[in-house]
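Structure at a glance
Single-letter residue listing:
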Amino acid sequence: MGRRIGARIVQAVVVLWVVATLAFILIHAAPGDPFGYDAPSVTPAVRAHWRHLYGYDRPLGTQYVLWLRNLARGDLGYSVSMHEPVRDALANALPRTLYLMGVAVVASFALGIGLALFQVRRLGTRRARWAGAVALFFYSLPDFWLALVLLLAFAYWWPILPAGYPVDMVMHGYMAPWPAFVDRLRHLVLPALTLTLLTTAAVARFQRQELLDVLPLDFVRTARAKGLDERAVIRRHVLRNALIPTITLFGLALPALLGGAVFVEKIYAWQGMGWLAISAIGMRDYPLVLAAVLVGTAMVVLGNLVADLAYVAADPRLRVG
Amino acid sequence: MAEPLLAIEDLRTYFYTAAGVARAVDGLSLAVAPGETVGVVGESGCGKSVSALSILRLVSPPGRIEPGSRILFEGRDLLALDERAMRAIRGRRIAMVFQEPMTALNPVFTVGDQVAEVARIHARASRAVAWKQAVAMLDRVGIPAPDERAREYPHQLSGGMRQRVMIAMALMMKPALLIADEPTTALDVTIQAQILELLAELQREYGMSVLLITHDLGVVAETASRVVVMYGGEAVEQAPVAALFAAPHHPYTRGLLAAMPRLGLLRERLQTIPGTVPAPTAWPDGCRFRDRCSSAWERCAAEHPPVYPIAPGHESRCHLAHEPARRDGPAAAGGRAVRA
Amino acid sequence: MSADGVDRARRAWARLSPGARAAAGVIAVFALASLLAPWLAPYRVGQQIDIVHLASLPPSWAHPFGTDRYSRDVFTRILYGGRVSLSIATLAVVVSATVGTLYGAVAGYAGGAVDTVMMRVIDALLSVPRVLMLIAVLALWSPVPVAALVLLIGLTGWFDIARLVRAQALALREREFVVAARALGAGPARIVRRHVLPNVLGPVIVAGALAVGNVIVLEAGLSFLGIGVHEPLASWGMMFQDATDQFVSAWWAVIFPGAAIVATVLAFNTLGDALRDVLDPRQLPGHAALEPPETAHG
């Protein structure tokens, strides 16, 4: 088991290295460079000076080594659009993204597993088919579309919730602790709901199939032969086994969840990493965009590592013997 | 025979599949007396496992027990019980041991947990009490160091130990009837003997009845007092063990006996029954065995054979009982054992 | 397609649920409508009818889906947008399916160390968040030609198909007819072509149908961010983006392209689900009984 963990950590490091290299190649293969913007005051001399300042005039090999060394130190470059080091910009944005995604992950896995259980318990009934159809519908919705529709519905037509930002940008600073907390929650509802609905659908579809795969296995029959009622058979014997693959789904769903977060953050002006990356596109702030990709990859790799360890912990066949 | 503990009357379990209706069990009748061991023998596909599942009403869709079937147990028709009353019987009055102990045990729970669960369901035992009972039971079925073994997972045990766990689980509530579906098929030969011996020993100790389902006549010879031979979803011959081996009546039984490997018998003398079991979606009219039977004549195609009494406690579904002269010589249907 | 293939397709169609047939119908209607856009559309593509008087008109008989703020007929734009959205999605999935099938077939058929390494590479690639990566690349090269967009989307979407094909190929490798072919001296390329590829076709079609739905959403999202399709082309996602900042006042310019996306994606996913049920009996509940009952347990 120790070897397994070790191998996974090595693999994680290799993935990060490959992506960092890819990012380096992208920057240098792309047309223009970060100092390409047009302004009367930016003379060729100024550009040359900047190039020298940021090391862009050195040999590619040296730049590559420097790039990796800086990355390892957590130095991701300077963000032209935010007027601060990329690291600082991300340090503010990342917690907001993690907060939003964390809420969505917990809610959607709980709801998705519940929905799958509902479908499997009432297999073949009209209500189960309806639940499946609803899951398929939400599974098919574009993230930005759902975000906008919910925004339109609950912030304009029936304005019960704020339209954007993590907190009330004007008043939040003046609020007492309790109203400030409520303010936070109210701003969280729509973005978290959007992400949750989309992810719930995916989790439910996956979990349903896993439950159906376990249902015909021999030990389920043994559980019934013991005299357990069907509820307990599914809750205890089937679900416990069917949840193990769902742990991997957590790792696999992270990239999609991050993708969804990009759109949700943009539409609700939730100033997290996705929002930052999108804003950076408009400003041609490439270091920030690439840093978002790198940090996103790191999140996925880390999430997969955690999922893998949890998988080993959850499956006695891997844990012992 | 005394008042039977279990009486199956005209059991029919059909599977409604895309390929047609598979009549896996089609008119099975048999009885088990208290304290008796009955062996049910047949090739795979004859409906013996589905019969076992039907007794516990564990046939899942698209399988269905047809109306008109009756399974009388301790005087009550199990097929008329509601689901709740049926659950009170499963694992408590009737328990089951399955063929493949690796897959029949849940891989993610300790074996102690799984054995204790039975007491928790049926005796409402507390976690600690149930655990203690489980460990005692594991000890009883011959598992060494039961305290430690109880904390292990199925994959950590050997095949024989796993089957002992299954038996412990089945016997937790001292059931009146134990159904053992090919309990030794998945095990090594030496382990097989141990498990059979354990079953026989526990049966004497608890005074329970055993319905032993197997394809292996050798197993039946060692453990059962009576044999039911199944073919085509029904019982074709029933007899006390000694009578069945000494004087088998049904050509199918004779074929099975001829195909049985015996010590000292040269390999090439072993015979097989020609042909294959017909599909359960299309039993032939008349006698279901007639296509493979060397004695078959027109009547076998025209008339489904009823149960003919052969001797006290011995009956056979073969028209030969009526017209014995039609039986072929011993060479044809493969009756090496025939000298009746 | 061989006669056998036609026959199989006909039987598969017969087993589809009414919902799945409706989905196939929706896809056919959208495909046909975008194909025939020049004849069906009431206006020319990109035509600004009357920027002064006829901008941001609500739906009416003259303009069933209204007009946008540049006085373009939304219905016309949806017909032409369907051409862009559907062809990008289909072509990108063809790229994904081709690369994924080849990669998976090679890995699965080769087995051993080659397979291990090839699968580790996929694991690594799966860790890169696709949307963020596409955003970065498209932003750096913006504006990207449509062909490059198709390639980029296609080349970031083949991992699941490769895994699927690899698993099938791995199983097929041990099957008698493949072993027999190998014993008769058939080379690996021939075996992959003659035995592995035809057998993975079904699952790849299912994955492809689901992937088309996925890619339509992805392309729409990228265009929505302004880094996907560029003028003068317009996809549904772009129309959506054009109109978002006025969705309170001119909701029709947002709702109709959005509905077109949702309906198409829903149709592809419904069809994909149904095809999976038909082509792969293992996914069906109660499948054990499709075999003779006794074999299931002894």
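Residues numbered from 1 in each chain as written. Chains lettered and ligands numbered in written order. Predicted model: local features only at pLDDT ≥ 70, side-chain atom pairs only at ≥ 80, totals over all residues.

Quick notes on the overall build of chain A
- Along chain A, the regular secondary structure elements total 12 helices and two strands.
- Secondary structure elements in chain A, listed N-terminal to C-terminal, are α-α-α-β-β-α-α-α-α-α-α-α-α-α.
- If one aligns the C-alpha atoms of chain A with their principal axes, the spans along those axes are about 85 × 55 × 35 Å.
- A total of 321 residues make up chain A; the buried ones form 40% of that total.
- Long-range contacts, defined as pairs at least 24 residues apart, comprise 73% of the intrachain contacts of chain A with a sequence gap of at least 6. (Helix = DSSP H or I, 4+ residues; strand = E, 2+ residues; numbered from the N terminus. Buried ≥ 20, exposed ≤ 12 C-beta atoms within 10 Å, placed from the backbone. Contact = placed C-beta atoms within 7 Å.)

Observations concerning the overall build of chain C
- Helices and strands together make up the secondary structure of chain C, namely 12 helices and zero strands.
- Put simply, chain C runs from its N terminus to its C terminus through helices and strands in the order α-α-α-α-α-α-α-α-α-α-α-α.
- Overall, the C-alpha framework of chain C stretches about 75 × 45 × 35 Å when taken along its three principal axes.
- Counting contacts in chain C only where the partners sit at least 6 residues apart, residues at least 24 apart contribute 71% of the total.

A short note on the interface of chain A and chain C
- Chain A puts 41 residues into the contact, and the matching count from chain C is 36 residues.
- Those elements that provide at least two residues to the side of chain A that touches chain C are helix 1 (2-29), helix 5 (126-140), helix 6 (143-157), helix 9 (230-267), helix 10 (273-282) and helix 11 (286-314) of chain A.
- Per-element accounting of the side of chain A that touches chain C gives the leading share, 10 residues, to helix 11 of chain A.
- Among the residues forming the side of chain A that touches chain C, the class breakdown is 34 nonpolar, six polar and one charged. (Nonpolar A, V, L, I, M, F, W, Y, C, P; charged D, E, K, R; others polar.)

Overview of the confidence of the model for chain C
All names here are of chain C.
- Looking at chain C, pLDDT values average 81 and 92% of them are 70 or higher.
- Counting interchain partners and residues more than four positions distant, the pLDDT-below-50 stretch residues 281-298 has 46 contacts.
- Both scores are available for the predicted complex, with the pTM at 0.84 and the ipTM at 0.84. (pLDDT = per-residue confidence, 0-100.)

Comments concerning the domain arrangement of chain A
Residues and elements named next belong to chain A.
- Domain boundaries assigned for chain A yield domain 1 (2-84) and domain 2 (90-320).
- On a C-alpha basis, the centres of domain 1 and domain 2 stand 32 Å from each other.
- At the interface, 21 residues of domain 1 touch 19 residues of domain 2.
- For the side of domain 1 that touches domain 2, the elements supplying multiple residues, two or more each, are helix 1 and strand 1 (78-79).
- Sort the elements by how many residues they give to the side of domain 1 that touches domain 2 and helix 1 lands first, with 12 residues. (Domains from an automatic or database assignment.)

Side note on the pairing of strand 5 (residues 70-73) of chain B
All names here are of chain B.
- What you see with strand 5 is a clean split: I71 and F73 sit on the buried side and R70 and L72 on the side with no burial.
- In the sheet, strand 1 (residues 6-17) pairs with strand 5 via four bridges, with the strands oriented antiparallel. Across the sheet, the residue bridging to I8 is I71, located in strand 5.
- As judged from the two bridges shared by strand 5 and strand 6 (residues 76-77), these two strands associate in the antiparallel manner. Directly across from F73, in strand 6, lies its bridge partner R76.
- Connecting the antiparallel pair strand 5 and strand 6 is a turn made up of two residues, with E74 showing a positive phi of about 50 degrees. (Pairing = 2+ DSSP bridges.)

Examining unusual backbone geometry
- One non-glycine residue, H83 of chain A, lies in the positive phi region at around 55 degrees.
- Position of H83 of chain A among the secondary structure elements: in the loop between strand 1 and strand 2 (84-85).
- Even without being glycine, R57 of chain B reaches a positive phi, approximately 55 degrees.
- Secondary-structure assignment places R57 of chain B in the loop between helix 1 (48-55) and strand 4 (63-65).

Brief notes about the nonpolar core
- With 267 residues, the main nonpolar core has A277 and V289 of chain A, V115 of chain B together with I135 of chain C as its most contacted residues.
- Residue contributions to this core peak at 18 residues, all from helix 10 (residues 188-224) of chain C.
- Formed jointly, this core draws a minimum of three residues from each of two domains, domain 1 (2-84) and domain 2 (90-320) of chain A.
- Not counting residues up to four positions away in its chain, the partners in contact with I135 of chain C are V262, A277, I281 and V289 of chain A together with L225 and I227 of chain C. (Core = buried A, V, L, I, M, F, W, Y, C linked by C-beta atoms within 7 Å.)

Quick notes on the pairing of strand 8 (residues 177-181) of chain B
Residues and elements named next belong to chain B.
- The buried fraction of strand 8 amounts to five of the five residues, a majority that puts the element mostly inside the structure.
- Of the two faces of strand 8, both are covered, the one formed by L177, I179 and D181 as well as the one formed by L178 and A180.
- With four bridges connecting them, strand 7 (residues 94-97) and strand 8 associate as parallel partners. Each bridged residue has a counterpart across the sheet, and for A95 the counterpart in strand 8 is L178.
- For strand 8 and strand 9 (residues 209-214), the ladder comprises five bridges, and the chain directions are parallel. Considered in strand 9, the bridge of D181 is made with I213.

Looking at the sheet that holds strand 13 (residues 314-316) of chain B
All names here are of chain B.
- The strand order across the open sheet formed by eight strands is 7-8-9-3-10-11-13-12, and the pairing between neighbours is mixed. The two strands at the open ends of the sheet, each matched to only one other strand, are strand 7 and strand 12 (308-311). The sheet shows a mean angle of 20 degrees between the axes of neighbouring strands, taken without regard to direction.
- As paired strands, strand 3 (residues 37-41) and strand 10 (residues 226-231) are joined by four bridges and run parallel to one another. Bridge pairing in strand 10 places G39 opposite V227.
- Each of strand 7 and strand 8 touches helix 7 (residues 159-171); the most contacted strand, strand 7, lies at about 175 degrees to it. (Axes fitted to C-alpha atoms, helices over the stretch in contact; angles between N-to-C directions.)

Considering the environment of L193 of chain A
- Its place among the elements puts L193 of chain A in helix 7 (residues 177-214).
- Considered as a pair, L193 of chain A and L100 of chain A are 93 residues apart in the sequence and their alpha carbons are 9.8 Å apart.

Comments concerning the packing of helix 5 (residues 112-126) of chain C against helix 8 (residues 159-173) of chain C
All names here are of chain C.
- Contact pair helix 5 / helix 8: the axes reach a minimum separation of 10 Å and the direction vectors enclose 150 degrees. Judged by the inter-axis angle, helix 5 sits roughly antiparallel to helix 8. The hand of the helix 5/helix 8 crossing is left-handed. Of the residues in helix 8, those in contact with M119, I122, L125 and L126 of helix 5 are F159, A162, R163 and R166.
- Split into classes, the residues belonging to the contact of helix 5 with helix 8 amount to six nonpolar, no polar and two charged. (Parallel < 35°, antiparallel > 145°, perpendicular 65-115°, else oblique. Left-handed = near helix turned anticlockwise from the far one by under 90°.)

Focus: helix 1 of chain B
Residue and element names in this part refer to chain B.
- Counting buried positions along helix 1 gives eight out of eight residues, so the element sits mostly inside the fold.
- Listed in full, the buried residues belonging to helix 1 are K48, S49, V50, S51, A52, L53, S54 and I55.
- At the C-terminal side of helix 1, R57 shows a positive phi close to 55 degrees.

Concerning the packing of helix 8 (residues 218-225) of chain A against helix 9 of chain A
Residue and element names in this part refer to chain A.
- Between helix 8 and helix 9, whose axes approach to 10 Å, the crossing angle comes to 145 degrees. Regarding helix 8 and helix 9, the two cross each other, and that crossing is right-handed. Between helix 8 and helix 9, the residues in contact are F219, V220, A223 and R224 and V233, H237 and V238, respectively.
- Tallied by class, residues from the contact of helix 8 with helix 9 come to five nonpolar, one polar and one charged.

Comments concerning helix 9 of chain A
- Taking 1.5 Å of rise per residue, 38 residues should cover 56 Å, yet helix 9 of chain A covers just 45 Å from first to last C-alpha, more than 12% shy of that figure.
- At L239 of chain A, helix 9 of chain A shows its maximal bend, which comes to roughly 45 degrees. (Expected span 1.5 Å × (residues − 1). Bend = angle between axes of the 7 residues up to and from the residue.)

Examining the confidence of the model for chain A
- Averaged over every residue, the pLDDT of chain A is 85; the share at 70 or more is 96%.
- By mean pLDDT, the top-scoring element of chain A is helix 4 (residues 86-121) of chain A (92), and the lowest-scoring one is helix 2 (residues 44-53) of chain A (77).

A closer look at the environment of L275 of chain C
All names here are of chain C.
- With respect to the helices and strands, L275 occurs in helix 12 (residues 252-279).
- Classification of L275 by C-beta neighbours within 10 Å gives buried; the count is 24.
- For the pair L275 and L54, spaced 221 residues apart in sequence, the C-alpha to C-alpha distance is 45 Å.
- In this structure L275 touches I205, V206 and A209, once residues within four positions along its chain are discounted.

Regarding the environment of V135 of chain B
Residues and elements named next belong to chain B.
- For V135, the location among the structural elements is in helix 5 (residues 127-140).
- The spacing of V135 and A150 is 15 residues in sequence and 6.5 Å in space, taken between C-alpha atoms.
- The residues touching V135, leaving out its near neighbours within four places in the chain, are G112, P146, D147 and A150.

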